[in-house]
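Structure at a glance
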2 protein chains.
Amino acid sequence: MERFKCKIMYDGTHFSGYQVQPEKRTVQGVIESVLTKLHKGTHIRISASGRTDAGVHARGQIIHFDSPLQIPEENWLKAMNTLLPDDISVVQISRADPGFHSRFDASGKEYRYFVSLGTVRDPFRRNYSYQAGFKLDYEAMNESVKHLIGTHDFTSFCSAKTEVEDRVRTIRTIEFVESGDELMFRFVGNGFLYNMVRILVGTILEVGTGRKRPSEMKEILEKKDRSCAGKTAPGHGLYLWEVFYD
Amino acid sequence: MERFKCKIMYDGTHFSGYQVQPEKRTVQGVIESVLTKLHKGTHIRISASGRTDAGVHARGQIIHFDSPLQIPEENWLKAMNTLLPDDISVVQISRADPGFHSRFDASGKEYRYFVSLGTVRDPFRRNYSYQAGFKLDYEAMNESVKHLIGTHDFTSFCSAKTEVEDRVRTIRTIEFVESGDELMFRFVGNGFLYNMVRILVGTILEVGTGRKRPSEMKEILEKKDRSCAGKTAPGHGLYLWEVFYD
């Protein structure tokens, strides 16, 4: 048995999220069925750095799995990509330390979120950015974000369904980059809770449209109450961009 | 009755091309059904600058139609976009001269064609660029393209099914722009025959991969025989980018 570390990219549009669910097309389900084919029917289980929801995309999701197959690394890539559907690709695959774990060993993640600001909806971006179409006050947004950087209890910014008890996370970077009619949010941190990036985006957008004051961000954090934060922004604007390992 | 000129954008992925066909989802069919709704059941017929095939996209297709409705121009845009599905948008609409014709008045067109050169297929571009993945000799391609610029009989570069008898067209520009893992072809001319851009791309790519010599382009033109040119490149890499009017 050898352990493999694998970087994958997927367009989340036609997946019911990452995790296997009965009767649904999921990223995990599709990859496991390809690996099972390559192992002549032996079920191979994969583990990811984290789940992604329905419609959420990934450019650099990391998974790992164990295999007894003696195949050169470069052939793994071809073999998997030949069998995978065209909305998932394996970008990189390499042998890893037998103790490597895609989730527990991750030291940080980068997520990106795209918002379209054009007044006319862009058919080419309908599944890839949140078509908001409103004007935003970047100064207020930048002001609000200062309160989020650093180590905080992010209970207010995760789904009420979050099961994890320790909701303290460290956000290293939040930045906005405008390009044409689109605004890209970049989030880098040591880890993110369930729905955290989407709730952060939803709340920052409420600051950008003037529905919340920048200083409210601090109060929302302190309240530790999901209902104080803004709406959860739609999944299809979100990309798991990169997973970091030390 | 007033005539309206309308600029539309569509993602061609889920359309069986522009032109109405029984039982098929087409761009013309979808727009006419929206206009018919706005006219309380009276069928409104639209005319376009030209057809696009299945899977082919448009960023600046121009259509025209006549309507008796007294609606301010800015409300037309909203009314149509509210009823249209999210893979078509109206970008601009304005009253036009009653004699304006989207096809006969067009003085030129720009098409763009995208080719992905990455060795790993990109899930996000699967419907938007031709995933070729091979290396290209740009010098040879540029050399071959010189023979195509100007006014020529393009019989060798249009579908054998082309019904138009006059196959003389003028190409003003063919250029290649590389951006990351993608190569963009830009074609500007006074008009293009059926499948002409896709056959040009297919033939230029055969020069780029060394299967044809650059000077063969001249011979192919002179033969006036479709079978001498290269393969028709896939439709999903092609965009009708802009239509020009004097």
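Residues numbered from 1 in each chain as written. Chains lettered and ligands numbered in written order. Predicted model: local features only at pLDDT ≥ 70, side-chain atom pairs only at ≥ 80, totals over all residues. Heavy atoms only, no water.

Per an unreviewed UniProt entry, chain A is named tRNA pseudouridine synthase A, and its organism is Peribacillus deserti. Heading Catalytic activity (unreviewed entry) of the UniProt record for chain A holds this comment: "uridine(38/39/40) in tRNA = pseudouridine(38/39/40) in tRNA". (UniProt positions renumbered as here; feature names shortened; annotations may be inferred.)

Residue and element names in this part refer to chain A. Looking at the secondary structure, you find Y111 in strand 5 (residues 106-116). Since its relative accessible area comes to 9%, Y111 is described here as buried. Between the C-alpha atom of Y111 and that of R3, which follows or precedes it by 108 residues, the distance is 26 Å. In contact with Y111, other than residues within four places in its own chain, are F185, R186, F187, F192, V197, L238, Y239, L240 and W241. (Helix = DSSP H or I, 4+ residues; strand = E, 2+ residues; numbered from the N terminus. Buried < 20%, exposed > 50% of the residue type's maximum accessible area, 1.4 Å probe, protein only. Contact = heavy atoms within 4.5 Å.)

Below, the discussion takes up the side chain of E110 of chain A. All names here are of chain A. Considering the arrangement of structural elements, one finds E110 in strand 5. Within the local environment of E110, its side chain forms a polar contact with the side chain of R186, the two groups lying 2.9 Å apart. Aside from chain neighbours lying at most four places away, what touches E110 is R186, F187, V188, Y239, L240, W241, E242 and F244. (Polar contact = N/O pair within 3.5 Å; in protein donor to acceptor, adjacent residues only side chain to side chain.)

Turning next to the UniProt feature "active site" (unreviewed entry) in chain A. Residues and elements named next belong to chain A. Under the UniProt annotation, "active site" (unreviewed entry) lies at D53. Mapped onto the secondary structure, D53 falls in the loop between strand 2 (47-48) and strand 3 (57-67). Those residues in contact with D53, other than ones at most four positions away along the chain, are G17, Y194, N195 and R198.

A separate point is the interface of chain B and chain A. The interface is formed by 25 residues belonging to chain B together with 25 residues belonging to chain A. Regarding the contact of chain B and chain A, the summed buried area is about 2,100 Å², with carbon and sulfur atoms giving 57% of it. When residues of chain B are sorted by the area they lose upon contact with chain A, R121, F124 and R126 of chain B head the list and together hold 38% of the total. Taken together, the links from chain B to chain A amount to five salt bridges. (Buried area = accessible area lost by both parts, 1.4 Å probe. Salt bridge = Lys/Arg side-chain N within 4 Å of Asp/Glu carboxyl O.)

Moving on, we get to the relation of the copies chain B and chain A. The operation relating chain B to chain A is a screw motion whose rotation component is 180°, with 0.0 Å of axial translation and a residual RMSD of 0.0 Å. Taken together, the rotation angle and the small translation identify this as a two-fold axis. No C-alpha of chain B lies nearer the rotation axis than that of F124 of chain B, which sits 5.4 Å from it. When the interface residues of chain B are mapped onto chain A, 100% of them again fall at the interface, so both copies present the same face. (Least-squares fit on C-alpha atoms with pLDDT ≥ 70 in both.)

Attention now goes to the domain arrangement of chain A. Where the parts come together, the accessible area they lose is often given as the size of the interface. Residue and element names in this part refer to chain A. Taken domain by domain, chain A consists of domain 1 (2-96) and domain 2 (111-245). Facing 15 residues of domain 1, the contacting portion of domain 2 comprises 14 residues. Buried area between domain 1 and domain 2, summed over both chains or domains, comes out near 1,200 Å², and the portion from carbon and sulfur atoms is 56%. Our count for the domain 1 to domain 2 interface comes out at one salt bridge. With a closest N to O distance of 3.3 Å, D53 and R198 form a salt bridge. Between the two partners, domain 1 and domain 2, sit 10 residue pairs in polar contact (both at pLDDT 80 or more). (Domains from an automatic or database assignment.)

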